[in-house]
Amino acid sequence: MESLKEKVHRLTVQRFGKTIQLFAPLYLSNECVDTCLYCGFSRHNKIERKTLSVTEVLEEAKILINQGFKHLLLVSGEHPKKVSVDYLSEIARTLRPKIASLSIEVAPLDEQSYQRLALYGVDGVVIYQETYDKEVYNQVHIAGPKKDYAKRLSAVEEACKAGIRQVGIGVLLGLSPWQKEIQRLIEHAKYLMKRYWQTEFRISLPRLKPCASSFQAPYPVSDEEFAHIIMMLRVALPELGLVLSTREKPELRDQLIYLGVTHMSAGSKTEPGGYAHPEEAGKQFDIEDLRTPAEVARAITKAGYEPVWKDWI
Ligand code: SF4
């Protein structure tokens, strides 16, 4: 284990230096037409629903920018009418000049829509497949457009074809045995890297957390297994960015700084409007790292790494 840790540390520093890039999620909407068993935004959950106006999005962004963030990730449920391409374009057009990078984690779109959003400055797209096991996928995605496994999988390539600079993929750990999921995730990443060599890929590994749906992870992943998975991914895919969210507790996040992680969110709120008006709308899931962005940055510095707020590539 010690030699694996050393190897992982060496591979990460060789490629990325001793840096951790910071970003913040900005939730646009918790309205969703899908029924996904594991998600707080699932259509039939009784939560306060809200879609931010462009003015409200700017209010949220202003708070994050004042905290130091220059990389924002716009997140929403799947609602083609409320979170349309027009709506996203308007937000990107208004927000992009104020920041260094703007990514989206919204419903899968087609190549043309991604091209249009790229014109307004969207340079990153995140689409988690959640699970590569089709049977499990079918069991947890009860109704709605997300039930289409193939469409979700192909949307990743639509983003690549549209020329989106950074594309994030990942699985939701806990839905099915992680060994097989990680093997398929690595295969998927290798295929994408070979076919779309001009795209920069990243991997995120959200673990199932409590939310309004009360769904229990059928295959929970322990902290030890989680750290092991991150290390395996670094060895298998030395050139890929590995993203860690505030779903994980501070002690574990601090340890993982040394072990392959390259990007971290900080100070996250998972409800729309949560930075300016906390808890007025339903959140997607509970977070465990409740530190402020400044506190997370201090922990990174203390570990001997540089927190990067702005990366002009
Ligand atoms: S996982 Fe996504 S699509 Fe499914 S309910 Fe949650 S926000 Fe909607």
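Draft legend 1. Here's a closer look at the site of the ligand. Near the ligand, the surroundings consist of C32, D34, C36, C39, F41, S42, G77, E78 and K146. When its residues are assigned to classes, the shell around the ligand shows four nonpolar, two polar and three charged.

Draft legend 2. Representation of helix 7 (residues 178-195). With 18 residues, helix 7 ought to run about 26 Å at 1.5 Å a step, and its terminal C-alpha atoms sit 25 Å apart, in line with that. On the buried face of helix 7, the contacting elements are strand 8 (200-204) and helix 8 (223-236).

Draft legend 3. Here's a closer look at the packing of helix 1 (residues 2-16) against helix 8. Interhelical geometry of helix 1 versus helix 8 gives an angle of 55° and a closest axis separation of 9 Å. In terms of orientation, helix 1 lies oblique with respect to helix 8. In this structure, the crossing between helix 1 and helix 8 has a hand that is left-handed. Each of L4, K7, V8, L11 and T12 in helix 1 lies in contact with helix 8, whose residues at this interface are M231, R234 and V235. Residue classes in the contact of helix 1 with helix 8 are distributed as five nonpolar, one polar and two charged.

Draft legend 4. Helix 1, seen in detail. Taking 1.5 Å of rise per residue, the 15 residues of helix 1 would be expected to cover 21 Å, and the 21 Å separating its terminal C-alpha atoms lies within 8% of that figure. Residues of helix 1 that are buried include every one of V8, T12 and F16, and no others. One face of helix 1 carries all of its buried residues, which in axial projection span an arc of 30°. Those residues of helix 1 that are exposed and angled more than 90 degrees off the buried face are E2, S3, E6, R10 and Q14. In this structure, the buried residues of helix 1 make contact with strand 1 (19-29) and helix 8. Backbone geometry just downstream of helix 1 places G17 in the positive-phi region, at approximately 70°.

Draft legend 5. Quick look at the environment of S154. Considering the arrangement of structural elements, one finds S154 in helix 6 (residues 149-161). Linking S154 and L109, residues 45 residues apart in sequence, is a C-alpha distance of 9.7 Å.

Draft legend 6. View of the environment of Q129. In this fold, Q129 is placed in the loop between strand 5 (124-126) and helix 5 (134-140). Its 20 C-beta neighbours within 10 Å are what place Q129 among the buried residues. Between the C-alpha atom of Q129 and that of Y149, which follows or precedes it by 20 residues, the distance is 8.0 Å.

Draft legend 7. Spatial organisation of the environment of D133. Looking at the element boundaries, D133 is found in the loop between strand 5 and helix 5. As a C-alpha pair, D133 and R49 span 84 residues in sequence and 31 Å in three-dimensional space.

Draft legend 8. Representation of the nonpolar core. Membership of the largest hydrophobic core comes to 76 residues, with the highest contact counts inside it found for L26, L72, L74 and A159. When residues of this core are assigned to their parent elements, the largest contribution, seven residues, is made by strand 1. Setting aside chain neighbours within four positions, we find L26 in contact with V57, E60, A61, L64, L72, L73, L74 and V75.

Draft legend 9. Region of interest: unusual backbone geometry. One non-glycine residue, E130, adopts positive backbone phi at about 75°. Among the structural elements, E130 can be located in the loop between strand 5 and helix 5. Note on E130: 24 C-beta atoms within 10 Å, which makes it buried. In this structure, E279 takes a positive phi of about 65° despite not being glycine.

Draft legend 10. View of the pairing of strand 4 (residues 101-105). Counting buried positions along strand 4 gives four out of five residues, so the element sits mostly inside the fold. With five bridges connecting them, strand 3 (residues 71-76) and strand 4 associate as parallel partners. Considered in strand 4, the bridge of V75 is made with E105. Read as a crossover between parallel neighbours, the route from strand 3 over helix 3 (residues 85-95) to strand 4 is right-handed. Pairing analysis gives two bridges linking strand 4 to strand 5, with the strands arranged parallel.

Draft legend 11. Focus on the pairing of strand 7 (residues 166-170). Counting buried residues along strand 7, four of its five residues qualify, which places the element largely inside the surrounding structure. Here strand 5 pairs with strand 7 via three bridges, running parallel. By the bridge assignment for strand 7, V125 is matched with V167. Strand direction decides the pairing type here: strand 7 and strand 8, joined by five bridges, are parallel. Residue pairing across strands places V167 opposite F201, the latter belonging to strand 8. Each parallel crossover has a hand, and the one from strand 7 via helix 7 to strand 8 is right-handed.

Draft legend 12. Spatial organisation of the packing of helix 3 against helix 4 (residues 111-119). Here helix 3 crosses helix 4 at 20°, and the two axes come no closer than 9 Å. One finds that helix 3 runs roughly parallel with respect to helix 4. Handedness of the helix 3/helix 4 crossing: right-handed. Along its contact with helix 3, which presents V85, L88, S89 and A92, the element helix 4 presents S113, R116 and L117.

What counts, and at which threshold
- Residues numbered from 1 in each chain as written.
- Predicted model: local features only at pLDDT ≥ 70, side-chain atom pairs only at ≥ 80, totals over all residues.
- Near = placed C-beta within 6 Å.
- Nonpolar A, V, L, I, M, F, W, Y, C, P; charged D, E, K, R; others polar.
- Helix = DSSP H or I, 4+ residues; strand = E, 2+ residues; numbered from the N terminus.
- Expected span 1.5 Å × (residues − 1).
- Contact = placed C-beta atoms within 7 Å.
- Axes fitted to C-alpha atoms, helices over the stretch in contact; angles between N-to-C directions.
- Parallel < 35°, antiparallel > 145°, perpendicular 65-115°, else oblique.
- Left-handed = near helix turned anticlockwise from the far one by under 90°.
- Buried ≥ 20, exposed ≤ 12 C-beta atoms within 10 Å, placed from the backbone.
- Arc of directions from axis to C-beta.
- Core = buried A, V, L, I, M, F, W, Y, C linked by C-beta atoms within 7 Å.
- Pairing = 2+ DSSP bridges.
- Right-handed = clockwise from strand over helix to strand, strands pointing away.

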